[in-house]
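# Analysis of the macromolecular model
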Amino acid sequence: MNRYLARRLLLFVPTLLVTSLVVFLIISFAPGDPLSQFAANPAVPPEVSANLRRVLGLDQPWPIRYVKWLTNLIMNGDLGYSFNSRMPVSALILQRLGTTLAVLGTAYLLSVVLAIPIGIISAIKQYSLFDHVATTFAFIGFSVPTFFTALLLILVFGVQLHWFPWIYDSTLQVTDSKVFVELIRQSVLPVTVLTLFQTGTLTRYVRATVLENLTQDYVRTARGKGLRELLVIWRHVFRNSLIPIVTLLALGVPAIFTGAIVTEQIFRVPGIGSLLVASIETSDTPVIMAIICTYAVLVVIFNLIADVIYTFLDPRIRYD
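To keep things clear, this report deals only with the structure shown in the data block. (Residues numbered from 1 in each chain as written. Predicted model: local features only at pLDDT ≥ 70, side-chain atom pairs only at ≥ 80, totals over all residues. Heavy atoms only, no water.)

Our focus in this paragraph is the overall build of the chain. Counting its regular elements, the chain contains 13 helices and 0 strands. Starting at the N terminus, the α and β elements of the chain follow one another as α-α-α-α-α-α-α-α-α-α-α-α-α. Here the C-alpha coordinates of the chain stretch approximately 85 × 60 × 35 Å along the principal axes. Considering only intrachain contacts with a sequence separation of at least 6, the fraction spanning at least 24 residues in the chain is 71%. Carbon and sulfur atoms make up 69% of the accessible area of the chain, which totals about 18,300 Å². Averaged over its 23 positive side-chain charges, the chain has a centre that lies 9 Å from the centre of its 17 negative ones. (Helix = DSSP H or I, 4+ residues; strand = E, 2+ residues; numbered from the N terminus. Contact = heavy atoms within 4.5 Å. Areas by Shrake-Rupley, 256 points an atom, 1.4 Å probe, with all protein chains shown as cover. Lys, Arg positive; Asp, Glu negative; His and termini not counted. Charge placed at Lys NZ, Arg CZ, Asp CG, Glu CD.)

Below is the structure:
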């Protein structure tokens, strides 16, 4: 196991280097200029714009800019400065991370808590009324686009009933219980949209995996030994269904970091997804690189964590 982990960690380095190089190349050759606003402003002399371009290193070829960015990251752990916000990229991401985790993290946690029991019960009671209702809601959840669900909830619960605000107020500071309640209220609609979508996807996956294991010989053997049905489901069916579920969950956790781009845009949630969109629009290379490379690191780490969990779920799995 230790040799496997060491080998996987060594493979991280070329994987992340190639990822960062490809992303940097795409950004460099994409149309757009981070200083286009300065160039279009008649009050800014061309000399000032040229000097700013030189200070930011934008007058150099892309290989030199990439090597400088990578060296600064490796040697100092510095993600650079945002061209657009004029502040360190790490501070800018940390500023948005709390909101992203509060909205997307809550939605993801709720979807996992709901989807696993619903998927298991739906599989055990196949073709029952519960199964039909759960399957119908699951199909609606993952087949209806999030932007449509968001607009529908805004019209019903925001415009008609006035139950929840549909614009996220990022200036709220929790100082008392009243402000905290308001913070919860403004998170209800975006969290609901994301929870419906993720719960639908996870429920279908859990149901299919549990159904596949319910017909296996070892399940019939366990029942033949006289074990209670609850123990058969918990010890044999659910445990053997966990490997594909863990894979899906491990791949879903890094996606929380990048935010839900469409949902954040609709509800004006100041998360990392909206920051990524704004950075792409303004060609803010350091911010784009930081978000995508952090996402790549999280994907690699959580895949490794999933590989380790496999060995606990199924002792037959050996990496040595």
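Structure's up, so let's keep going.
With that settled, consider the side chain of S283. Tracing the chain through its elements places S283 in the loop between α12 (272-281) and α13 (285-313). Under the relative-accessibility criterion, S283 is labelled buried at 12%. Excluding residues that lie within four positions of it along the chain, S283 makes contacts with P31, G32, D33, P34 and F83. (Buried < 20%, exposed > 50% of the residue type's maximum accessible area, 1.4 Å probe, protein only.)

This part is about the nonpolar core. Formed by 39 residues in total, the largest nonpolar core has its most connected members in V103, V210, L214 and F267. Only α5 (89-124), α7 (146-160), α8 (177-214), α9 (217-224), α10 (229-258) and α13 provide two or more residues apiece to this core. For this core, the element with the highest residue contribution is α10, accounting for 10 residues. Every residue in contact with V210, bar those within four places of it in the chain, is listed here: I120, A123, V237 and S241. In this structure, L79, V287, M289 and I291 belong to the second largest nonpolar core, which totals 20 residues. (Core = buried A, V, L, I, M, F, W, Y, C linked by side-chain atoms within 4.5 Å.)

Turning our eyes to something else, we now look at the pattern of salt bridges. Where charged atoms from two side chains of opposite charge come close, those side chains can pair. In total, this model carries 4 salt bridges according to the counting rule given. One salt bridge connects R185 with E182, and the closest N-O pair in it is separated by 3.1 Å. One end of the pair, R185, and the other, E182, are both in helix α8, 3 residues apart, so they sit about a helical turn from each other. Among the residues examined, E182 registers a relative accessible area of 29% and is labelled partly exposed. (Salt bridge = Lys/Arg side-chain N within 4 Å of Asp/Glu carboxyl O.)

In this section: the packing of aromatic side chains. A complete count under the given rule lists 7 aromatic pairs for this structure. Between the aromatic rings of F157 and F164, the centroid separation amounts to 6.4 Å while the plane-to-plane angle is 55 degrees, which identifies the pairing as tilted. Clustering of aromatic rings is evident, with ring pairs tying together F24, Y66 and W69. (Phe/Tyr/Trp six-rings, centres within 6.5 Å; stacked < 30°, edge-to-face > 60°.)

This part covers the packing of helix α1 (residues 2-29) against α13. Running from N to C, α1 and α13 cross one another at 155 degrees; their axes reach a closest spacing of 10 Å. When the interaxial angle is binned, α1 and α13 end up roughly antiparallel. When the axes of α1 and α13 are compared, the crossing they make is right-handed. Touching Y4, L5, R8, L9, F12, L16, T19, S20, V23, F24 and I27 of α1 are T285, I288, M289, I292, C293, A296, V297, V300, N303, L304, D307 and V308, all from α13. The residue makeup of the contact of α1 with α13, split by class, is 17 nonpolar, 4 polar and 2 charged. (Axes fitted to C-alpha atoms, helices over the stretch in contact; angles between N-to-C directions. Parallel < 35°, antiparallel > 145°, perpendicular 65-115°, else oblique. Left-handed = near helix turned anticlockwise from the far one by under 90°. Nonpolar A, V, L, I, M, F, W, Y, C, P; charged D, E, K, R; others polar.)

So, about the packing of α5 against helix α6 (residues 129-143). Here α5 crosses α6 at 135 degrees, and the two axes come no closer than 8 Å. Classified by the angle between their axes, α5 and α6 sit oblique to one another. In the packing of α5 onto α6, the handedness of the crossing is left-handed. Residue-level inspection shows I118, I121 and S122 of α5 in contact with α6, the latter providing F130, D131, A134 and T135.

It is worth spelling out the environment of F267 at this point. Looking at the secondary structure, you find F267 in helix α11 (residues 261-267). When the C-alpha positions of F267 and D314 are compared, they lie 43 Å apart, and in sequence the two are 47 residues distant.

What follows concerns the environment of P254. In this fold, P254 is placed in helix α10. A residue is classified by how much of its surface remains accessible, and P254, at 0% relative accessible area, is buried. Considered as a pair, P254 and I301 are 47 residues apart in the sequence and their alpha carbons are 9.1 Å apart. Excluding residues that lie within four positions of it along the chain, P254 makes contacts with Y295, L298, V299 and F302.

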